[in-house]
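# Per-entry structural report
Listed below are the residues making up each chain.
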Amino acid sequence: MASSHSSSPVPQGSSSDVFFKKEVDSTKHIRNVQSLPDVCPKEPTGDTNSLCVAPSLVTDQHRWTIYHSKVNLPAALNDPRLAKRESDFFTKTWGLDFVDTEVMPSFYLPQISKEHFTAYQQEISQREKIHERCKNICPPKDTFDRTLLHTHDKSRTDLEQVPKLSHYLDIVEVNIAHQISLRSEAFFHAMTSQHELQDYLKKTSQAVKMLRDKIAQIDKVMCEGSLHILRLALTRNNCVKVYNKLKLMATVHQTQPTVQVLLSTSEFVGALDLIATTQEVLQQELQGIHSFRHLGSQLCELEKLIDKMMIAEFSTYSHSDLNRPLEDDCQILEEERLVSLVFGLLKQRKLNFLEIYGEEMIITAKNIIKQCVINKVSQIEEVDTDVAMKLADQVRMLNFPQWFDLLKDIFSKFIIFLQRVKATLNIIHSVVLSVLDKNQRTRELEEISQQKNAAKDNSLDTEVAYLIHEGMFISDAFTEGELTPTAVDTTSQRNASPNSEPCSSDSVSEPECTTDSSSSKEQTSSSVTPGGVDMMVGEDMKLTDLELGKLANSIQELLFNASDICHDRAVKFLMSRAKDGFLEKLNSTEFITLSRLMETFILDTEQICGRKSMSLLGALQSQANKFVNRFHEERKTKLSLLLDNERWKQADVPAEFQDLVDSVSDGRIALPEKKPGATEERRPAEVLVVEGQQYAVVGTVLLLIRIILEYCQCVDNIPSVTTDMLTRLSDLLKYFNSRSCQLVLGAGALQVVGLKTITTKNLALSSRCLQLIVHYIPVIRAHFEARLQPKQYSMLRHFDHITKDYHDHIAEISAKLVAIMDSLFDKLLSKYEVKAPVPSACFRNICKQMAKMHEAIVDLLPEEQTQMLFLRINASYKLHLKKQLSHLNVINDGGPQNGLVTADVAFYTGNLQALKGLKDLDLNMAEIWEQKR
């Protein structure tokens, strides 16, 4: 009894060791299993396993523990929630979704029947008959060949001789007795020492019992309290971890409802951040939780749904923003909503939202024109909408003032539209730049963090060594919150995000962490957009700097496209009205007004968008070219009609034309505004005074001056047509020069107007008109030169050619006047005879014709030109007189003939010098005489 009692502690100690070893092995086994995740929370690992609650060798040897319990396996596997018990085992292991279904037969295995063995049975039936026949002929032998036993050991020979089994017992007893006899001394020595051994065992048992009691008392006094404290601390830590894990699971469980609430308020960024944070928690802290096995895929599908919702929401926002009333002063619609949408789209790399906005811009531009036309047509009673069903037909029924007001309204609406587009794109651009700036700062912080972590590794090793030296458990120190810098950063980041685990195990005594659905899962930084909206730029943005740069350029290009869209729509509106030649029929004032409106719109759009659109400018240039052609043709036709009806008589100069040339003299090359009642009180003047000089002109030249100023003013109003206008004006001046030459010098006016003859007065008026045009050519040249590009200065040579042509024409007129008198001198002096009376009839007739000539041109040409003309006429006179005197053989010999000629010449000279402006004329007649022979 003593021996059995004393040996009892040994298996207890062994069982305790086995228990701990078994527990550790089971933990390792659970870690290695990867096929099916454990549905229960993971047990603590590491150093804390050594402090688990286990049966004590001392305290638990006399009391019942949980390890004495017996559990019925069917009761443990029973699931009261199910109706069928046979499926309890599978549902408990694989979850409630397991359904016991029948296994479908394989389509690849054939159905085997008895017919498949028919051929085999037929084949072996004959062999079976032969086999049965052989069995009947040769039955099996039952005798045992005992001769084989003779080959065994000699000891077996005795056994063959034993007839009954009792003999074996006797042989065994004999052998045992023989063995005992061989070891009799040792056997009897053991028997004699048996009592002594029992006494030793009894004493040993008592000593062990006393030792155990003392150890139990020592354990109770010195160890049990400390171990209990350690167990309680470990239990508390485990409870906190379980609590935090359950709280985290409860928070994750609310992810989908929270996402639905956020989506109902269009908080897409918050919803995406919440999904991303939940996915991270599921992959890290809640990995293997059976109840969340489908949540990850559900969140992925929900994220895809949010992508579609954001695209649809942005499309709705674009439509609402661009199609709201243009009278609204607010440039940006719901700025916070726009920032949230753009940031969410960037977060999900949905960069095609700019295409959606561009398509909406095109639709809006069309609707703007359509709505403006509808509003304008509805206000005009003259337009019958029943007759003209299409808007284009209704627009063609508008006159120019009505159509111009409509175009002005369209342009004003386009300006507001572009301002709104620019404001919206500026917000999007600021979001992109904020993300780009955040990426750059994040990289800088990562580099700094890497440098700091390298420096902190050394300090961490020193701290670990210190903890070991002080006898502390490193795991306990870390559990109490003395974590590494990396762990602290991760924990702080998680606490700043929704659905995150509390900071430390002691957080059970702290307030519960709240969930902020609008925050990012990483650390965030605040940046402010120009509109004043704070947005949180997360560090989990997937876009690269190159992609963000391209996106920023695309935004700027989209603004340029907005300007191009407005210009293209305006061009189509113009072309629809220009189909019937409406624009080409505009007068100068109307076209200039239209051109100024279009140029103002082009400049405004360039100022808003930063780039000049060329479509409307090209349309304006095309219409301007057509206008220039029509403008020139109209004035050329008008000038042609004026010249064809001009009788080349001096015309009175109305006061408005005098004011016109006066304004040009003051440096204003433009048509002056008519002052009502001011010119009616002033009488027309006989001549036109230009910078102190008097010009006797015909009516055609006055109108030509006005036409020239119209060309110059058109250049000021439409700078794009400067070169075309210069070419057309050159053509007009050349036409006037050539046509006036045909009519006057060429005597074309005799047939065109019906003049009887071309008089010297007609010629003088024509010359003076040409001189007036020549006076204004340098002024016109300077006007165009100031408006040409330096590379276009070569076109100014046209004015040099025109000036030369005009001077040649004036010289031809002067020569024509001299030629008229020259033919008269030749006719009269050829009949001159040196005889009385004095003065002779020939000289009287010459002086009369000279007086008529003088009378015809003296009031038309200036004094200098008159003197020069009469000097040339006098030279012709002397030439013909000298020729006649030579023919008559009259010489300067003081004879009677010489005296008669001298008297006639003196009469001619006196009459000529008596004319106005010719008294100082040098009329030396000495060269008419032949020298004395």
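This part takes up the overall build of the chain. In terms of regular secondary structure, the chain is built from 30 helices and four strands. Looking at the 933 residues of the chain, the share that counts as buried comes to 36%. For the chain, the proportion of contacts with a sequence separation of at least 24, taken over those separated by at least 6, is 77%.

Next up on the list: the side chain of Arg569. Note on placement: Arg569 falls in helix α19 (residues 545–577). With no salt bridge to any partner, buried Arg569 finds its closest opposite charge in Asp568, at an N-O distance of 7.7 Å. Aside from chain neighbours lying at most four places away, what touches Arg569 is Ala365, Lys366, Ile369 and Phe414.

Next up on the list: the packing of aromatic side chains. Counted by the stated rule, this structure contains 13 aromatic pairs. When the centroid spacing of 4.9 Å and the interplanar angle of 75 degrees are considered together, the rings of Phe631 and Tyr711 count as edge-to-face. With a gap of 80 residues between them, Phe631 in helix α21 (residues 615–644) and Tyr711 in helix α23 (residues 699–717) connect regions that are remote in the sequence. You'll find Phe631 and Tyr711 in the same group, each marked buried. Ring geometry for Phe825 against Tyr877: centres 5.5 Å apart, planes inclined by 65 degrees, an arrangement best described as edge-to-face. Here Phe825, found in helix α27 (residues 797–829), pairs with Tyr877, found in helix α29 (residues 863–888); they are 52 residues apart in sequence, far enough to count as distant.

With that out of the way, let us pick up the pattern of salt bridges. By the definition in use, this model includes 10 salt bridges. Residue Asp716 pairs with Arg787 through a salt bridge whose shortest N-O separation is 2.4 Å. Taken together, the positions of Asp716 in helix α23 and Arg787 in the loop between α26 (760–785) and α27 put the pair 71 residues apart, joining distant regions of the chain. Because the salt bridges share partners, they merge into one network encompassing Arg630, Glu634, Arg635 and Glu710.

Attention now moves to the nonpolar core. Looking at soluble globular proteins, one finds that nonpolar side chains tend to be buried together. Counting residues in hydrophobic clusters, the biggest one holds 201 residues, and the most contacted among them are Trp403, Ile773, Phe784 and Tyr877. If you tally residues by element for this core, the top one is helix α16 (residues 400–469), at 20 residues. Apart from the residues lying within four places of it in its own chain, the contact partners of Trp403 are Val395, Leu398, Phe573, Leu574, Arg577, Phe582, Leu583 and Leu594.

Axis separation between helix α28 (residues 841–857) and α29 bottoms out at 12 Å; the angle between their running directions is 160 degrees. Overall, the two elements α28 and α29 adopt an arrangement that is roughly antiparallel. As α28 packs across α29, the resulting crossing turns out to be right-handed. Contacts between α28 and α29 involve Phe843, Ile846, Met850, Met853, His854 and Ile857 from the first element and Thr866, Leu869, Phe870, Ile873, Tyr877 and Leu881 from the second. Broken down by class, the residue content of the contact of α28 with α29 amounts to 10 nonpolar, two polar and no charged.

Let us now look at unusual backbone geometry. A cis amide bond links Ala836 with the next residue in sequence, Pro837, at an omega value of 5 degrees. Relative to the assigned elements, Pro837 resides in the loop between α27 and α28. The residue after Val838, namely Pro839, is reached through a cis peptide bond having omega -5 degrees. By secondary structure assignment, the location of Pro839 is in the loop between α27 and α28.

On to a negative patch on the surface, then. There is a patch of like negative charges on the surface, built from Asp652, Glu686, Glu855 and Asp859. In this structure, Asp652 sits in the loop between α21 and α22 (655–665).

Quick look at the packing of α21 against α23 now. Helix packing for two helices is described by the angle between their axes and how far apart those axes are. Where α21 contacts α23, the two axes come as close as 10 Å, and the packing angle between them is 170 degrees. Relative to α23, the element α21 lies roughly antiparallel. Of the residues in α23, those touching α21 at Phe627, Phe631, His632, Arg635, Leu639, Leu642 and Leu643 are Thr700, Leu703, Leu704, Ile707, Glu710, Tyr711 and Cys714. For the contact of α21 with α23, the class distribution of residues is 10 nonpolar, two polar and two charged.

Attention now goes to α28. Taking 1.5 Å per residue, 17 residues should reach 24 Å; α28 reaches 25 Å between its end C-alpha atoms and fits that length. The inward-facing, buried residues of α28 contact α26, α27, α29 and α30 (896–913).

One pass over the full model with this rule turns up two cavities of 30 Å³ or more. In this model, the largest cavity occupies a volume close to 50 Å³. What lines the largest cavity is simply Val664, Ile669, Ile705, Ile708, Leu709, Cys712, Tyr776, Val779 and Ile780. Secondary structure elements with two or more residues in the lining of the largest cavity: α23 and α26. Looking at the lining of the largest cavity, the element that brings in the most residues is α23, giving four residues. Within the lining of the largest cavity, the residues separate by chemical class into nine nonpolar, no polar and no charged. Each pocket or cavity is described by its volume, and for the second largest cavity that value is around 40 Å³. In terms of lining, the second largest cavity is formed by Leu574, Leu583, Phe591, Leu594, Met598, Ala619, Leu620 and Gln623. Elements represented by at least two residues in the lining of the second largest cavity include exactly α20 (588–609) and α21.

A surface patch of nonpolar side chains, amounting to about 590 Å² of accessible area, comprises Val172, Ile176, Ile180, Phe187, Phe188 and Met191. Every element with two or more residues in the nonpolar patch is listed here: α7 (166–182) and α8 (184–192). Of note, Val172 is situated in helix α7. Assessed through its relative accessible area of 43%, Val172 is described here as partly exposed.

The next subject is the environment of Leu828. Within the element layout of this structure, Leu828 appears in helix α27. In this structure Leu828 comes out as buried when scored by relative accessible area, which is 13%. Leu828 has contacts with Cys842, Asn845 and Ile846, leaving out every residue within four places of it along the chain.

So, on to the confidence of the model for the chain. Taken over all residues, the pLDDT of the chain has a mean of 75, while the share at 70 or more is 74%. Across residues 1–52, where pLDDT falls below 50, the model places 31 contacts with residues more than four positions away in sequence or in other chains. This stretch, residues 142–151, has a pLDDT under 50; its non-local contacts, to residues over four places away or in other chains, come to three contacts.

What follows is about the state of the cysteines. Applying the stated rule across the entire model yields zero disulfides. Of all cysteine sulfurs in the structure, the one in Cys712 sits closest to Cys714, which takes part in no disulfide; the separation is 10.0 Å. According to the relative accessible area criterion, Cys714 is buried, its value standing at 1%.

Parameters and conventions
Residues numbered from 1 in each chain as written. Predicted model: local features only at pLDDT ≥ 70, side-chain atom pairs only at ≥ 80, totals over all residues. Heavy atoms only, no water. Helix = DSSP H or I, 4+ residues; strand = E, 2+ residues; numbered from the N terminus. Buried < 20%, exposed > 50% of the residue type's maximum accessible area, 1.4 Å probe, protein only. Contact = heavy atoms within 4.5 Å. Lys, Arg positive; Asp, Glu negative; His and termini not counted. Salt bridge = Lys/Arg side-chain N within 4 Å of Asp/Glu carboxyl O. Phe/Tyr/Trp six-rings, centres within 6.5 Å; stacked < 30°, edge-to-face > 60°. Core = buried A, V, L, I, M, F, W, Y, C linked by side-chain atoms within 4.5 Å. Axes fitted to C-alpha atoms, helices over the stretch in contact; angles between N-to-C directions. Parallel < 35°, antiparallel > 145°, perpendicular 65-115°, else oblique. Left-handed = near helix turned anticlockwise from the far one by under 90°. Nonpolar A, V, L, I, M, F, W, Y, C, P; charged D, E, K, R; others polar. Patch = residues over 30% accessible without salt bridge, like charges linked within 9 Å, V, L, I, M, F, W, Y side chains within 5 Å. Areas by Shrake-Rupley, 256 points an atom, 1.4 Å probe, with all protein chains shown as cover. Charge placed at Lys NZ, Arg CZ, Asp CG, Glu CD. Expected span 1.5 Å × (residues − 1). 1 Å grid on protein atoms, 1.4 Å probe; cavity = no way out; pocket = protein on both sides within 12 Å on 5 of 7 lines; lining within 4 Å. Points joined across faces, edges and corners; volume = space filled by probe spheres on them. pLDDT = per-residue confidence, 0-100. Disulfide = S-S within 2.5 Å.

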